[in-house]
Amino acid sequence: MAGNEWINGYLEAILDTGGGVDSAGHQHQPVSLREGGHFNPTKYFVEEVVTGVDETDLHRTWIKVVATRNTRERSSRLENMCWRIWHLTRKKKQLELEDSQRLASRRLEREQGRKDVTEDMSEDLSEGEKGDTVVELSQSNTPRKNFQRNFSNLEVWSDDNKEKKLYLVLISLHGLVRGENMELGRDSDTGGQIKYVVELARALARMPGVYRVDLFTRQILSSEVDWSYGEPTEMLIAGSEDAEDMGESSGAYIIRIPFGPRDKYLRKELLWPYIQEFVDGALAHILNMSKVLGEQIGNGQPVWPYVIHGHYADAGDSAALLSGALNVPMVLTGHSLGRNKLEQLIKQGRQSMEDINSTYKIMRRIEAEELSLDAAELVITSTRQEVDEQWGLYDGFDVKLEKVLRARARRGVNCHGRFMPRMAVIPPGMDFSSVIVQEDEAEGELASLPGDGSPKALPSIWAEVMRFLTNPHKPMILALSRPDPKKNITTLLKAFGESRSLRELANLTLIMGNRDDIDEMSGGNASVLTTVLKLVDKYDLYGQVAYPKHHKQSDVPDIYRLAAKTKGVFINPALVEPFGLTLIEAAAHGLPMVATKNGGPVDIQRALNNGLLVDPHDQEAIASALLRLVSDKSMWYDCRNNGWKNIHLFSWPEHCRTYLTRVAACRMRHPQWQIDTPMDETVADDSFSDSLRDVQDMSLRLSVDGERGASLTESIGHPSGGHTVQDQVNHVLSKMKKPYNELQDYEDGRKLQDNVGSKYPILRRRRRLIVIALDLYDSDGSPSEDMIPILQDIMKGARLDSQNSRFTGLAIATAMPMSEIVALLECGNIQVNEFDALICSSGGEMYYPGAYMDEDGKLYKDPDYASHIKYRWGHEGLKKTIWKLMNTNESSGAESDRSLIVEDLESSNAYCVSYMIKDVSKARRVDEMRQKLRMRGLRCHLMYCRNSTRMQVVPLLASRSQALRYLFVRWRLNVSNMFVVLGETGDTDHEELISGTHKTLIIKGLVDKGSEELLRSAGSHQKEDIVPGESPLVAYASSSEAENVAQALKDVTASASAIITTL
């Protein structure tokens, strides 16, 4: 930690003498630092003080020690301090050991995954190709060269694409987002990413072929922030006036979607439980906009987003769900990555893994990034280092496997359902409109400086900087960054202070954010600033170093101009710099650069060739590089001119051109219906203007009043006694026709129009939909005997509201296959066409009783739903790999003699693979299985269900919760008008059904045991990171009696309406 260099000596001495824990696990005795030895601090001190130590606390103690004159007291404080350092060292060593064990385990699993992939994919190759695959995947320890790809087959985006009229969606959820007067630096969430996404939206809207860009973020109606962050819509740029056929909706807009508490501004770590609420609100807006754009530029047909682009982990998670709901491609930009941050925090050794997870929600963030990799067609990075060293840490991306899969795809060889996202290195764009080129102005003399008699008005920031400097005419070495220890400002200051030649030739200006009182700043920033002040005093740099307390964002260009007028140099000495936007800004203003050789500056220097790279730990190298540039004017001019010549590579038009070129190369997809459903006149006339009013009424009201085709059965009888429910189900099943080959259904070109005539699901005329998703099963996974009477009570409860009953539909969402749920209903004398929809096989199939049926009453699955969810579905590859993983002994790595799972053929179908679990105690957790499958390039949604007796695997973006969004997209029944009825626990996808803009009714006491204990391993994210602790959209009923259900439905409706009232 900068400013605490004295700690290193202590740590090294303690480690050298054996403090801490050795490799055998034996604890060494602490070193006695008192002459004659006998130092023995009290138990209270060790347990209460030592455990709470951090380096900032140690630094304060050191200051007190230095100031203590009493020899005995000083000695005592030193002893105490050394004990605290020893404890800190031991803690760090323990965390490092745990981290190394974790990384070793992941490395072994990665190697095993590559081995499995090699075996599976070698079956259909020639002998030569087999050898190539084995070599490519087995060289896991061989260092890679720079990540490169051949783009020669890509058609560069040009003005010829201006007829395309694309609709693009960008998502950036956290922080304060607005188009003007951005409050950058207000908090850790409102930084460079905010500026980047706003400028990207503007720049894309100016590109030929782009009609509209929507930037989604959170609507904030809090008194803590400016009112502008509560505006539903903000125009960033209007459509080009010169372009033809540009309608009123063209341009770039910020769209603010309300989710989470309406009256609070939340930091990003607290937004996770509300992600699904955002997804539903954004989906409503997109459906609205697709219709509006269809009327303007789509000849009456909806215009779907070309891509959905998520920025950061939270937006990536949202974009994945939206991409699945709409069946459109997803693009991801990580900005900063969770696994990388986790490694840095562990190395610091200040917090345990539990504390890190609690503070930063780091495991939830990492899982969101993994899901984003699963769903993304394209991942955009700023540098190659980000690809190799950061994304390479993730289960879902393997550089070597990606290369092999890409090669196989080009040759047309089967990849057995394996996918890897494509990585594209595209440096961020810059806005150079504020840059003033000063090519030969003043030739090194500042004629307009104070005291020179110039009448010119100078920028105020110039005076603020120059008041520190005795001779402001000398070349200025400029550093601009936060006072963060990672930015390495103190090393720069030491290099300057210890180089007499550099001090004589140049001044140093440090722009270190804004500050009022150092004592009120965070520990790390305060420590850096304190050290800077001490070093200025130590080297007597008064009059040679400027460090102003305040500056505005609008002052930054003027600061660059001042440095350029003095023929100065810009320096970024960070220990690691992910990209380095300030280097590009400086180059645009004519400043050569000296930068760290770690990270993005390597790519920037390769493109611009306008400076020197240095080891950030080497003070002499830093001083030497700076001295070369400020003393050699010929070299200075060459670097300046090279920067200007190549700076266009980092302009927004260049960025957007590359961006659209790469996006256009993605596999394009969008909703396509085999059956064109005519809109009812009443539906067509419905207003689309209220799409952003609130989270419940976020979208167009596409559902209208309508009579129900078939009312609920007037009298629902309970099943007759004498036999269990399962006996009756089996009896009905035995009389049903055996289902035909499920896979064949999707290959024989069957046309539903031949079977259903003019019938369409009544769903499109519903105002409300009650979805029963109770996971109520016996110990063997069969439906509980209580299932039928509970269904009957819920159906009665739905009818008790006479005002809404005729506009209310019913649906079932279950892990059971269609045949079993139909048999169960028949056992209870419940007609299957009492339900508008059946979501079966954990979201693997969709049926519409009363509509998609043949003359014999047999239900047909929705083929549009099948095509909607099949993205990255590797059916056979998954079956083979899951069988191997579930039947492999974890300790020995060999296959067990007795298989743990058996395929449940009766419950399996084309988009759901079902297994029966023989011994649930040996079953792997969902997150563990997901990790292993990702490392093998397989993407799916895996869950345990039916009281932990089954494991089901469905496509990646299929689930019961996603099926509700499909109903919204397909039949325009808004998710916010749905009510989901659940037990207190259920299948491992249970928590996914709680969150969102739909209303949730949880009936207490129905489901005693579900499958959720198989969802997560120790150390994973928790349920509270998925489900809000309290929500007005969730209500509870004490029982399933009809009156209780009806009252709970009224209560949750009222509490949801109260949200609207308060907006």
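You'll find the structure just up there.
Residues numbered from 1 in each chain as written. Predicted model: local features only at pLDDT ≥ 70, side-chain atom pairs only at ≥ 80, totals over all residues. Heavy atoms only, no water.

**Student:** Would you explain the overall build of the chain in this entry?
**Tutor:** If you tally the helices and strands in the chain, you get 34 helices and 25 strands. Counting the 1063 residues in the chain, one finds 59% classified as buried. In the chain, 74% of the contacts between residues at least 6 apart in sequence involve partners at least 24 apart. Summed over its atoms, the accessible surface of the chain is roughly 44,500 Å², and 47% of this surface lies on carbon and sulfur atoms. (Helix = DSSP H or I, 4+ residues; strand = E, 2+ residues; numbered from the N terminus. Buried < 20%, exposed > 50% of the residue type's maximum accessible area, 1.4 Å probe, protein only. Contact = heavy atoms within 4.5 Å. Areas by Shrake-Rupley, 256 points an atom, 1.4 Å probe, with all protein chains shown as cover.)

**Student:** What is the right way to look at the sheet that holds strand β24 (residues 999-1003) in this model?
**Tutor:** Strand pairs in the sheet, formed through backbone hydrogen bonds, run parallel or antiparallel to each other. If you walk across this open sheet you meet the 7 strands as β18-β17-β16-β15-β23-β24-β25, and the pairing is mixed. In the strand order of this sheet, the two ends are held by β18 (845-847) and β25 (1034-1037), each with one partner. Along the sheet, successive strands turn relative to each other by an average axial angle of 20°, direction set aside. Pairing of strand β15 (residues 768-772) with strand β16 (residues 808-813), which is carried by 5 bridges, proceeds in the parallel orientation. Its bridge partner being in β16, Leu769 is matched across the sheet by Gly809. (Pairing = 2+ DSSP bridges. Axes fitted to C-alpha atoms, helices over the stretch in contact; angles between N-to-C directions.)

**Student:** Explain the environment of Glu620 here, please?
**Tutor:** Along the chain, Glu620 falls in helix α21 (residues 619-631). For Glu620 and Leu492, which are 128 residues apart along the polypeptide, the C-alpha to C-alpha distance reads 9.8 Å.

**Student:** Looking at this structure, how should I read the nonpolar core?
**Tutor:** One broad trend across soluble globular proteins is that nonpolar side chains are buried collectively. Core analysis: the biggest nonpolar cluster contains 133 residues, and Ile171, Phe278, Tyr848, Ile882, Met886 and Leu942 have the highest contact counts within it. Those residues in contact with Ile171, other than ones at most four positions away along the chain, are Leu215, Phe216, Phe278, Ile308, His309, Gly310, His311, Ala315, Ala319 and Leu322. Counting residues in each nonpolar core, the second largest holds 70 residues, with Leu469, Met476, Leu478 and Val630 among its members. (Core = buried A, V, L, I, M, F, W, Y, C linked by side-chain atoms within 4.5 Å.)

**Student:** How do you make sense of the environment of Asp280 when you look at a structure like this?
**Tutor:** Mapped onto the elements, Asp280 comes out in helix α7 (residues 275-297). Between the C-alpha atoms of Asp280 and Val975, which are 695 residues apart in sequence, the distance is 6.8 Å. Ignoring anything within four residues of it in the chain, the contact list for Asp280 reads Arg965, Val975, Gly996, Thr997 and His998.

**Student:** Is there a simple way to explain the packing of aromatic side chains in this structure?
**Tutor:** Any pair of aromatic rings gets described here by the distance separating the centres and the angle formed by the planes. Applying the stated rule across the entire model yields 12 aromatic pairs. Plain terms: the ring middles of Trp673 and Tyr966 are 6.1 Å apart, the flat faces sit at 80° to each other, and that makes the pair edge-to-face. You can see Trp673 sitting in the loop between α23 (652-664) and α24 (681-684) and its partner Tyr966 sitting in helix α33 (residues 960-971), a full 293 residues away along the chain. Accessibility expressed as a relative area gives 23% for Trp673, which makes it partly exposed. Judged by centre distance (5.1 Å) and plane angle (90°), the rings of Tyr848 and Tyr852 are edge-to-face. Taking relative accessible area as the criterion, Tyr848 reaches 0% and is therefore assigned buried. We classify Tyr852 as buried; its relative accessible area is 0%. (Phe/Tyr/Trp six-rings, centres within 6.5 Å; stacked < 30°, edge-to-face > 60°.)

**Student:** Please clarify how empty space enclosed by the protein should be interpreted in this entry.
**Tutor:** One way to see where empty space is left: roll a probe the size of a water molecule over the atoms. Tallied over the full model, the rule gives 12 cavities of 30 Å³ or more. Volume-wise, the largest cavity comes out at about 550 Å³. Along the walls of the largest cavity sit 34 residues, with Glu367, Leu371, Arg930, His941 and Glu992 positioned nearest its centre. At the level of elements, α7, α8 (312-326), α11 (362-375), α32 (926-935), β21 (941-945) and α33 are the ones that each hand at least two residues to the lining of the largest cavity. When grouped by side-chain class, the residues that make up the lining of the largest cavity number 15 nonpolar, 8 polar and 11 charged. (1 Å grid on protein atoms, 1.4 Å probe; cavity = no way out; pocket = protein on both sides within 12 Å on 5 of 7 lines; lining within 4 Å. Points joined across faces, edges and corners; volume = space filled by probe spheres on them. Nonpolar A, V, L, I, M, F, W, Y, C, P; charged D, E, K, R; others polar.)

**Student:** Is there a simple way to think about the pairing of strand β12 (residues 569-572) in this case?
**Tutor:** Here is the key point about a regular strand: its side chains alternate between the two faces of the sheet. Covered by surrounding structure in β12 are Val569 and Ile571 together with Phe570 and Asn572, the residues of both alternating faces. As paired elements, β12 and strand β13 (residues 593-596) share 3 bridges and run parallel to each other. For Phe570, the partnering residue across the bridge sits in β13 and is Met593. With helix α19 (residues 581-588) bridging β12 and the parallel β13, this β-α-β connection has right-handed handedness. (Right-handed = clockwise from strand over helix to strand, strands pointing away.)

**Student:** I would appreciate a short explanation of unusual backbone geometry in the present structure.
**Tutor:** Negative phi values dominate among residues other than glycine, just as trans dominates among peptide bonds. Phi at His416 takes a positive value of approximately 55°, unusual for a residue other than glycine. Phi angles above zero are rare outside glycine, and Asn829 is one such case at about 60°. Along the polypeptide, Asn829 turns up in the loop between α29 (818-827) and β17 (837-840).

**Student:** What's the story with a negative patch on the surface in this structure? I'm lost.
**Tutor:** A surface patch of like charges, here negative, comprises Asp516, Asp517, Asp519 and Glu520. Tracing the sequence through the fold places Asp519 in the loop between β10 (507-511) and α17 (523-538). (Patch = residues over 30% accessible without salt bridge, like charges linked within 9 Å, V, L, I, M, F, W, Y side chains within 5 Å. Salt bridge = Lys/Arg side-chain N within 4 Å of Asp/Glu carboxyl O. Lys, Arg positive; Asp, Glu negative; His and termini not counted. Charge placed at Lys NZ, Arg CZ, Asp CG, Glu CD.)

**Student:** How do you make sense of the pattern of salt bridges when you look at a structure like this?
**Tutor:** Once their charged atoms are close, side chains differing in charge can pair, the charge on each being opposite to the other. Scanning the entire structure with this criterion turns up 54 salt bridges. The salt bridge partner of Glu109 is Lys932, with a shortest N-O separation of 2.8 Å. Remark: Lys932 occurs in helix α32 and Glu109 occurs in helix α4 (residues 71-121); sequence separation between them is 823 residues. A residue is classified by how much of its surface remains accessible, and Glu109, at 14% relative accessible area, is buried. Residue Lys165 is joined to Glu163 by a salt bridge in which the shortest nitrogen-to-oxygen separation is 4.0 Å. A residue is classified by how much of its surface remains accessible, and Lys165, at 16% relative accessible area, is buried. Salt bridges linked by common partners bring Glu109, Asp116, Glu119, Lys884, Lys932 and Arg936 together as one network.

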